[in-house]
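Geometric and topological summary
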Amino acid sequence: MRDKTMFHVKNHKQLNILDPWAHLGPKRRTLLDNSWAGLFQQHILPELPVESLRHHYHDYNGRPTKELYAMMGVMLLQQMHDCTDQEAVEQFCFNIQWHYALNITSCSDAAAYISHKTLWTMRDHLATDASYAEIFDTSLGILAKLLKADMSKQRMDSVHVKSNMRNLGRIGLFTKTIKKFLVNLKRHHREHFDQLDKELTQRYLSKSQASLFAMVKPTESTRTLDQLAADVLLLSERFATVDEVCTMQSFKLLSRLFAEQCVIEEDTSADSGKKAVARPNKEVPSDSLQNPSDPDAGYSSHKGQGYQVQLVENYTTTDERGPSLITQVAVESADQHDANALLPALTQLEQKAMLPQQMLADSLYGSDSNCETALQEHQVAVISPVMPGNQKKFNLAEFTLDDQGKVLNCPQGTAPDTVKKSKSGYSALFPIAACQDCPSFDQCPVSIGKKGCYYRYTDKDIRLARRRQEEESPEFREKYRYRAGVEATMSEFDRRTGVKHLRVRGMKAVRFAAFMKAIGLNILRASRHWGGKTSPLAPSCSLFFFHLALRTHFKKLFREWFPTKADVSTNFQPTASLRMDLAV
C-alpha cells in the first residue's frame, strides 16, 4: 500500500491517443464544445487548485480518494446549477454534459459515481479552508485572459441573501433559544436539567404549552416578553458559574440573547430587588441574534434578516459588447452598511491586478471619504451621486462659488459682505436686512448673528457641492447610466444560481455558496462569448492528424519487421535439397 498514493488526481492537460468522446457524433460534440461544458473542461478544470486539499489526506494510509479535479469541479457545478445534494449525485452519475465538463471518460462506478458522504466531506474541506476564494481568483484570471476582458471600468452593488432559516419575531426568538438550551442541557447534562423547576421546563418543552406563545395577542406581547426575559435571566444566573454548561454553544446564545434583548431594572417587590424586562424595539441592535439556528445572520430594516453579498463586475461602453465578469465577491451579515464595502473591494482588486480606473456605484457607496480615499490611495474615480441630505433647506450647490470655494451669491442673488476662511472652514456674512426680507428665508441654511446672517461650510461641503453640480451635466449622466446594468447582473445571479434563497445556514456555508455561484455565473457568461470565437472542431482535427501520423509510423515499422508476400518471393533462395523435393 505504500507504493500507492491516497491522493488521486488525473492530468487533464494530457491528450488521449483515441478520442473518448468520438461516439457522440459531430453535431452533439459541437454543442458540447460551444457550451459551458467545453469551456470548463478545456480551461477551468485543469487549473483547479487541488493541491490545497493534500493536507486532508495521508500519503499512504487509508483509502484512495476519488479523482479530486472532478470532486472540486462537481462542487462548483452543483452551486452553478443550484442543485440539491441528491440532484448533484444524479447529474454526476448520468448527465453526459457534466461528464464532458469534468472529463469523466470511463463509465465505471469508480469514475462516474459519487456518494452523498463524499459530497459532504468535499464541501466541508473547501468551506473550512476557504479554498473557494482561490478557485474564484484562478478562474477569474483564466476567463479574463481568455476573453481579453477590459477591467478599466467596473461597477458595484449588493444583493440580499436569505439563508435556510425561519423569520422569527421577538417572542419566537426567545422561545426557540430557551428551548434549544433546555434540550441540549437535558441531553448532555441531565443532572443539572433535573434540578430545574418542572413548570419552567414544561413551559418550553411541552408541545401544548409551547404552542401558547404562538397565540399571543398584540396587547399582551409586552407582558409575554417580560416573562420570557425573566426566564432567560433565571437560567443565565443559575448556570453562570457551572463550567461545563457555560461552554455549551446554546448557553452562549442564551447569554447573547439576554444582553441584546433585555435590560435589568430595579424592583422593590422582588426578592432580589431587580427584574429583567425586554428592551423597546428601537433599542435592539441590528446585529442582534435573529435565529438560534443561524447566529451569524443580521438584520436590515430595508431588506430584512439574512446576509448580503457585495459584487463588483466589469463592463464595457463600446458598441461591441464585451464580456462582463464578476471580479470581486464579499459576504457579510445584512446589518452591515454598503459604504464600508467599497474600499476593501478596491484593495482586493488591487491585489489581483484588476483595479479599475473608474467605479460606478449608488449613493450609499459614494460618501465623501470613500471618494477621496479611493482617488488618493488607489487612483480610482468613484462615480456616484451624492446623498440628498436635508431637502427642506438650500444646499451649497445652489450657491454660486468661485474657484477657491468662496460664496459669490446666494440662490436669490444676494452677495455676502465678507467671506472668511479659517481652520474649521468658511464663513460667509450676509446683510441681515436682505435676508429677513427674502421670500426664501425659511429655506435658507443661514443662522442669524450679531452682525448679520452667517452661512458656515467646510471643504467637504465644497466637494459635495461640486459633485452635485456635476450630476446635472450630460457627461455625468452618460457615464452613470451604465450603473443600471448591475441590476441585471443581480437578477441573473439569482435566476441562474438561486443565490437569494440558499439551502444552508451560517457564515461559512453562505460564503462558500456565494463564491461558487459567482464562479458559475462567470463561466455561464463567458461561454456565450467563447463559443462563437472558438472552432469546436480544433481538438478533433488535431487528434485526427495525430492519429494519421501515428498510423503511418506504425505501417512503416510493420513493413520493416514483417516483410510482405511479394518481398518474400523476390528474396527467397531455395537450397539444393529443397529443389530435389520440389522436383519429385
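For the structure, check the block above.
Residues numbered from 1 in each chain as written. Predicted model: local features only at pLDDT ≥ 70, side-chain atom pairs only at ≥ 80, totals over all residues. Heavy atoms only, no water.

1. A look at the environment of F441
Following the sequence through the fold, F441 ends up in the loop between α18 (432-436) and β13 (447-448). Apart from the residues within four sequence positions on either side, F441 is in contact with C435, Q436, V446, I448 and C453. (Helix = DSSP H or I, 4+ residues; strand = E, 2+ residues; numbered from the N terminus. Contact = heavy atoms within 4.5 Å.)

2. So, the packing of aromatic side chains
Aromatic ring pairs are reported here in terms of the distance separating the ring centres and the angle at which the planes meet. According to the stated counting rule, one finds 13 aromatic pairs in the structure shown. A centroid spacing of 6.2 Å and a plane angle of 75 degrees characterise the contact between Y132 and F512, whose relative ring orientation is edge-to-face. Of the two residues, Y132 sits in helix α8 (residues 131-147) while F512 sits in helix α22 (residues 507-533), which places them 380 residues apart along the sequence. The class of Y132 is buried, set by a relative accessible area of 5%. A relative accessible area of 3% places F512 in the buried class. Feature note: the residues F399, Y426, F430, Y455 and Y457 constitute an aromatic cluster, connected by ring pairs. Between R54 and the ring centre of F7, over which it is positioned, the NZ or CZ distance is 4.0 Å. We note R238 situated over the ring of F239; from NZ or CZ to the ring centre the distance is 5.9 Å. (Phe/Tyr/Trp six-rings, centres within 6.5 Å; stacked < 30°, edge-to-face > 60°. Buried < 20%, exposed > 50% of the residue type's maximum accessible area, 1.4 Å probe, protein only. Lys NZ or Arg CZ within 6 Å of the ring centre and 35° of its normal.)

3. Regarding the environment of S106
Looking at the secondary structure, you find S106 in the loop between α5 (96-101) and α6 (109-112). In this structure the C-alpha to C-alpha distance between S106 and P20, which are 86 residues apart in sequence, comes to 8.6 Å. Excluding anything up to four places from it in sequence, S106 contacts A111 and A112.

4. As for the sheet that holds β13
With antiparallel pairing, four strands are arranged side by side in an open sheet as β11-β12-β14-β13. In this open sheet, the two strands that pair with only one neighbour each are β11 (418-421) and β13. In terms of strand pairing, β11 meets strand β12 (residues 426-430) through four bridges, oriented antiparallel. Each bridged residue has a counterpart across the sheet, and for K420 the counterpart in β12 is S427. (Pairing = 2+ DSSP bridges.)

5. Topic: α8
Compared with the 24 Å implied by 1.5 Å per residue over 17 residues, the 24 Å span of α8 between its first and last C-alpha is a close match. Taken as a whole, α8 has its buried residues at S131, Y132, I135, F136, S139, L140, I142, L143, A144 and L147. (Expected span 1.5 Å × (residues − 1).)

6. Quick notes on the packing of helix α11 (residues 198-205) against helix α13 (residues 221-238)
Two numbers describe how α11 lies on α13: the axes approach to 12 Å, and their chain directions differ by 120 degrees. In terms of axis orientation, α11 runs oblique to α13. Along this stretch, α11 crosses α13, giving a crossing that reads as left-handed. Residues L200, R203 and Y204 of α11 form the contact with α13, whose participating residues are Q227, L228, D231, L234 and L235. Here the residues of the contact of α11 with α13 are counted per class, giving five nonpolar, one polar and two charged. (Axes fitted to C-alpha atoms, helices over the stretch in contact; angles between N-to-C directions. Parallel < 35°, antiparallel > 145°, perpendicular 65-115°, else oblique. Left-handed = near helix turned anticlockwise from the far one by under 90°. Nonpolar A, V, L, I, M, F, W, Y, C, P; charged D, E, K, R; others polar.)

7. Looking at a positive patch on the surface
A cluster of basic residues, R166, K176, K179 and K207, forms a positive patch at the surface. In this structure, R166 sits in the loop between β1 (153-161) and α9 (170-188). Taking relative accessible area as the criterion, R166 reaches 56% and is therefore assigned exposed. (Patch = residues over 30% accessible without salt bridge, like charges linked within 9 Å, V, L, I, M, F, W, Y side chains within 5 Å. Areas by Shrake-Rupley, 256 points an atom, 1.4 Å probe, with all protein chains shown as cover. Salt bridge = Lys/Arg side-chain N within 4 Å of Asp/Glu carboxyl O. Lys, Arg positive; Asp, Glu negative; His and termini not counted. Charge placed at Lys NZ, Arg CZ, Asp CG, Glu CD.)

8. Quick look at the packing of helix α4 (residues 85-94) against helix α7 (residues 116-129)
α7 packs onto α4 with a crossing angle of 110 degrees between their chain directions and a minimal axis gap of 10 Å. In terms of their interaxial angle, α4 and α7 are classed as roughly perpendicular. Within the contact between the two elements, α4 uses D85, Q86, A88 and V89 and α7 uses H116, L119, W120 and R123. Taken together, the residues of the contact of α4 with α7 break down into four nonpolar, two polar and two charged.

9. Here we look at the pairing of strand β6 (residues 326-333)
The buried fraction of β6 is high, at seven of eight residues. Relative to β6, strand β5 (residues 304-314) runs antiparallel, the two sharing seven bridges. Bridge pairing links V312 to Q328 in β6.

10. Some words on the pattern of salt bridges
Per the counting criterion, the structure on display carries 26 salt bridges. Here K274 makes a salt bridge to E237, at a shortest N to O gap of 3.0 Å. Of this pair, K274 sits in strand β3 (residues 274-278) while E237 sits in helix α13, and the two are 37 residues apart along the sequence. On the accessibility criterion, K274 (32% relative accessible area) is partly exposed. A relative accessible area of 46% means that E237 is categorised as partly exposed.

11. Quick look at unusual backbone geometry
The phi dihedral of D82 is positive, around 55 degrees, even though this residue is not glycine. Here D82 is to be found in the loop between α3 (68-80) and α4. Look at D82 and you get partly exposed, because its relative accessible area is 24%. Despite not being glycine, A353 has its phi angle at roughly 60 degrees, a positive value. Mapping A353 onto the fold places it in the loop between α16 (342-351) and β7 (358-360).

12. Describing the nonpolar core
Ranked by internal contacts, the top residues of the largest apolar core, which has 94 residues, are W36, F40, L102 and I523. Among the elements that line this core, the one with the most residues is α22, at 14 residues. When neighbours within four sequence positions are excluded, L102 is seen to be in contact with H12, F40, L45, A70, G73, V74, L77 and F92. Core analysis: the second largest hydrophobic core is formed by 31 residues, L185, V232, L235 and M248 among them. (Core = buried A, V, L, I, M, F, W, Y, C linked by side-chain atoms within 4.5 Å.)

13. A short note on the environment of L408
Residue position: L408 is located in strand β10 (residues 407-409). Separated by eleven residues in the primary sequence, L408 and V419 have C-alpha atoms spaced 8.8 Å apart. For L408, the contacting residues outside a window of four places in its chain are T400, L401, D402, T414, A415 and P416.

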